Amino acid sequence: MPAVIVLGAQWGDEGKGKATDQIGQQTDVVVKFNGGNNAGHTVVIDGEKYALHLLPAGILSKGVTPIIGNGVVIDIDVLFQELDEMSSRGVDVSKLKISSEAHIIPSYNKLMDQANEKARGNNLIGTTGRGIGPTYADKMNRIGIRVQDLFDPETLGAKVAAALAPKNEVFASVGMAVLDPDVITEELLAHADKIRPMVCDASLEVNNALDEGKTVLFEGGQATMLDIDHGTYPFVTSSNPTAGGALTGSGVGPTRIDRVVGVSKAYTTRVGEGPFPTELDDEVGEALRQKGGEFGVTTGRARRTGWFDSVVMRYATRINGLTDICLTKLDVLSGYPTIPVCVAYEVDGVRTDEMPLDQKGFANAVPVYEELPGWEEDITGCRTFEELPANAQAYILRLEELAKCRIQSIGVGAGREATIVRYPLLDQA
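Quick caveat, the model's predicted, so the values are computed rather than measured.

Inspection of the secondary structure puts Ala115 in helix α3 (residues 107-120). Residue Ala115 is classed as buried on the basis of its relative accessible area, which comes to 1%. It is 9.2 Å that separates the C-alpha atoms of Ala115 and Gly175, two residues lying 60 residues apart in sequence. Setting aside chain neighbours within four positions, we find Ala115 in contact with Val170, Phe171, Val174 and Met176.

This next bit is on the side chain of Ser250. Tracing the backbone through its elements, the reader meets Ser250 in the loop between α9 (243-248) and β11 (259-265). Polar side-chain contacts of Ser250 include one of 2.4 Å to the backbone oxygen of Ala246.

This part is about helix α13 (residues 390-403). With 14 residues, α13 should cover 20 Å at 1.5 Å per step; its first-to-last C-alpha distance of 20 Å lies within 8% of that length. Looking only at α13, the buried set comprises Ala392, Gln393, Tyr395, Ile396, Leu399, Glu400, Leu402 and Ala403. In this structure, the buried residues of α13 make contact with β14 (308-309), α11 (310-320), β15 (324-328), β16 (338-347), β18 (366-373) and β19 (407-411). One or two steps after α13, the chain reaches Lys404, where phi turns positive at roughly 60°.

This part takes up the pairing of strand β2 (residues 29-32). Burial along β2 is two-sided: the residues Val29 and Val31 and Val30 and Lys32 are all buried. Two strands pair when backbone bridges link them, and β2 and strand β10 (residues 216-219) are joined in this way by 4 bridges, in the parallel orientation. Considered in β10, the bridge of Val29 is made with Val216.

To continue, consider the packing of aromatic side chains. In total, this model carries 5 aromatic pairs according to the counting rule given. Ring geometry for Trp307 versus Tyr336: centroids 5.5 Å apart, planes at 85°, classification edge-to-face. Placement of Trp307 in the loop between β13 (304-306) and β14 and of Tyr336 in the loop between β15 and β16 is noted, with a sequence separation of 29 residues between them. For the pair Trp307 and Tyr336, a shared accessibility class is recorded, and that class is buried. The ring of Phe80 has Lys194 sitting right over it, with the charged end atom 4.5 Å from the ring centre. It is Arg422 that lies over the ring of Phe385; its NZ or CZ is 4.5 Å from the centre.

Moving on to the sheet that holds strand β7 (residues 97-99). Taken in spatial order, the 10 strands line up as β9-β7-β5-β2-β10-β1-β11-β15-β19-β20 in an open sheet, and their pairing is mixed. Both outer strands of the open sheet, β9 (199-200) and β20 (419-421), are each paired with one neighbouring strand and no more. Pairing of β15 with β19 involves 3 bridges; the strand directions are parallel. When the bridges of β19 are listed, Ile325 appears paired with Ile407.

As a further point, take the state of the cysteines. Taken as a whole and judged by the stated rule, the model has 0 disulfides. For Cys326, which is in no disulfide, the shortest distance to another cysteine sulfur is to Cys405 and amounts to 9.8 Å. A residue is classified by how much of its surface remains accessible, and Cys405, at 6% relative accessible area, is buried.

Cut-offs applied
Residues numbered from 1 in each chain as written. Predicted model: local features only at pLDDT ≥ 70, side-chain atom pairs only at ≥ 80, totals over all residues. Heavy atoms only, no water. Helix = DSSP H or I, 4+ residues; strand = E, 2+ residues; numbered from the N terminus. Buried < 20%, exposed > 50% of the residue type's maximum accessible area, 1.4 Å probe, protein only. Contact = heavy atoms within 4.5 Å. Polar contact = N/O pair within 3.5 Å; in protein donor to acceptor, adjacent residues only side chain to side chain. Expected span 1.5 Å × (residues − 1). Pairing = 2+ DSSP bridges. Phe/Tyr/Trp six-rings, centres within 6.5 Å; stacked < 30°, edge-to-face > 60°. Lys NZ or Arg CZ within 6 Å of the ring centre and 35° of its normal. Disulfide = S-S within 2.5 Å.

Here you go:
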């Protein structure tokens, strides 16, 4: 049985929650491998909407074991809020497992996010302010707090004191109150007994599942163009949402992976600061935003909108070794007489079919568009490729050609059932 990575192929908000939920119905284990509650996944089941921030989308599928991997950073308050909400809505959360090596977001790192943004002045990154970046920084600086530390009060106290000392200096410098390490330690210790039954060796759990022939899905937060190494740096997240991050964030080797699925909208959106070549900063973009409901699940922020960028998509195919694309929100494009698709860039008057080598080049990239004929029909009821209007079929085939990767499924509505499956993903692994 296969191991499948599902990740974002653009700047996030592509519909990974729905894609993960779709595939998750056929899997045994779903592992979230990066990020934290700075991302939001929305899943609609029988008309009921579930907004997930920290929990794996697989928690909504019966019989699935959801795991939060070591690559995730955990806000414990948010974790238990989500668990309580899911339980109140009849979702079985008893099978959730959490890596003992996952890092915890202490309250002082949320304040560090605020302090850092204050210090940047007008040069904002566009952080969600949830302490994600500072917690990953602590991890790299080897002063992070891990889940396993909650069960060792002495070690936890020493780690909090060491991590908080330089941060208190920053807080004082920007006029914020300094914090007492003992108070922070007690806040964290208060969660120990509640989280203890969920803690596991996630790498062992996942590898054992694969050894037993079970199907494992690796769920990424954020997206390729927000990757700390391969995204539009510095306007990126603090983890690796790409395929390599699935391995390091869960503790499995590359030879265990069978398929890598990139989720992409039929157009493009972005939240926060940073370059966006196909952005529609006009009434066309606003209309696309309203029609597509492009507002953040986690923050409520309006998303920037633009036409499909095949240069970005080809890059995502290459960086991740994509085997498949799940295309979402094709229904949003119904009603356009023609639909522009970016096929290349012009940088300083020179055409390039690939991502510019440097940050400045990408920031100055001018999209080269190809106009494709649109369609008027409502496609939300389509369940096979052949039921789509001819121009919608042609649009899909052209995107597939430009992306250099097959489009495995097509989203034509928000609901779980509103999906056209062109190829049975798991059967072909």
